[in-house]
Amino acid sequence: MSSSTDVRRTDSAAPGARRGRGRRQKGIAGTTRMFWLFVGPFVIGLLIFSYLPIIWSLVLSFFEAYNTVTPSKFVGLQNYVDMLTDRNFLSSLGTFTIFAVFIVPLTFVLSLALALLVNQVKIAKAFFRSVFFLPTACSYVVASLIWKLSIFNGVRFGLANTVLGWFGIENVAWLSTVDPPWYWIPIITVRLWLQLGFYMILFIAGLQRISPSLYEAAYVDGAKPGWQIFRYITLPQLRTTAVSVLILNLIAAYQAFDEFYNLVGNVNYARPPLVYLYSISLGSIQDLGHGSAGALILAVIIMLVTLLQTRVFGFGKAGD
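Residues numbered from 1 in each chain as written. Predicted model: local features only at pLDDT ≥ 70, side-chain atom pairs only at ≥ 80, totals over all residues. Heavy atoms only, no water.

**Q** Please clarify how helix H9 (residues 227-237) should be interpreted in this entry.
**A** For an α-helix, the turn length of 3.6 residues means that residues three or four places apart are oriented alike. All of the buried residues in H9 are Ile229, Phe230, Ile233 and Thr234. For H9, the buried positions fall inside an angular range of 120° around the axis, keeping them on one side. Facing away from the buried side of H9 by over 90 degrees, the exposed positions are Trp227 and Tyr232. Close packing links the buried residues of H9 with helix H3 (87-120), helix H7 (184-208) and helix H8 (212-220). (Buried < 20%, exposed > 50% of the residue type's maximum accessible area, 1.4 Å probe, protein only. Helix = DSSP H or I, 4+ residues; strand = E, 2+ residues; numbered from the N terminus. Arc of directions from axis to C-beta. Contact = heavy atoms within 4.5 Å.)

**Q** Got a minute to help me understand the pattern of salt bridges in this structure?
**A** Pairing between side chains of opposite charge can happen when their charged atoms approach one another. In the structure shown here, the tally under the stated rule is one salt bridge. Between Arg191 and Glu259 there is a salt bridge; the shortest N-O distance is 2.7 Å. Taken together, the residues Arg191 in helix H7 and Glu259 in helix H11 (residues 258-263) connect sequence positions 68 residues apart. Both residues of the pair, Arg191 and Glu259, belong to the buried class. (Salt bridge = Lys/Arg side-chain N within 4 Å of Asp/Glu carboxyl O.)

**Q** Help me understand the environment of Ile280, please; the structure alone is not making it clear to me.
**A** Tracing the sequence through the fold places Ile280 in helix H12 (residues 273-282). Measuring from C-alpha to C-alpha, the distance between Ile280 and His290 comes to 7.8 Å, with ten residues separating the pair along the chain. With sequence-adjacent residues up to four places away left out, Ile280 is seen in contact with Met83, Ile285, Gln286, Asp287, His290 and Gly291.

As structure tokens, this is what we get:
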């Protein structure tokens, strides 16, 4: 009697179980379709506009290709040898080095200082975050033109020369004076104005992850507010964020193009690698073979420097 009842229960439950499994399978299939519906166009765009050009650039770097994207003559590693012995390309790397020496430490210190100040504000904190972050939405081209035409235009009506005139100082041709190299001031200040807000937000996110109990324990142990708290509590807890900021900032410095090209143009004394590669690839020469080789050399340099930074600072270890 009991066994027959169990059989009837099992038979009656089986269709319901099958229907449940069918609904779950349909739900999974529907979720998969929706996923590819949203992600598919971006994946296709990434393949067409990012990965395929990179692969084709790698192919072109081994060929002679003038005024065409179709390789004509295989030259092996000769394009790489030419670029590594090209004085103009090496000079552009030197220009980047000078730029990085100034922009990376300044961005790090100023963005951290802004983050500490904004994080301590008690009233209208969101307003101050927005004010400092807003320049990151501005186009590099537009900001460079404002710096060039309105602030550092080299005539007495420019903002910088107007301020200097108040103190009796003669006008300065900011973007064309090589000795001393005043052109570095507009180049560096426009980059600082554009990117400080972004790195400030990263530091603020890192500050908010620090447990308040650490500060309370430090106060109980007799630590003084200010430098001691910052040195022994805040800065060590920001180690991961600080290394990330350094890496991102250095990579962005390697990719500097808009401010140099729009402020000083294609000149030897202020020409980073991307401006020089742009001039030989898309300028009058249109040498896409050497341009592709130079771009890949620059990419390898960025990867090596990034890996070196992560190794030196121990970024990505289990303790992080």
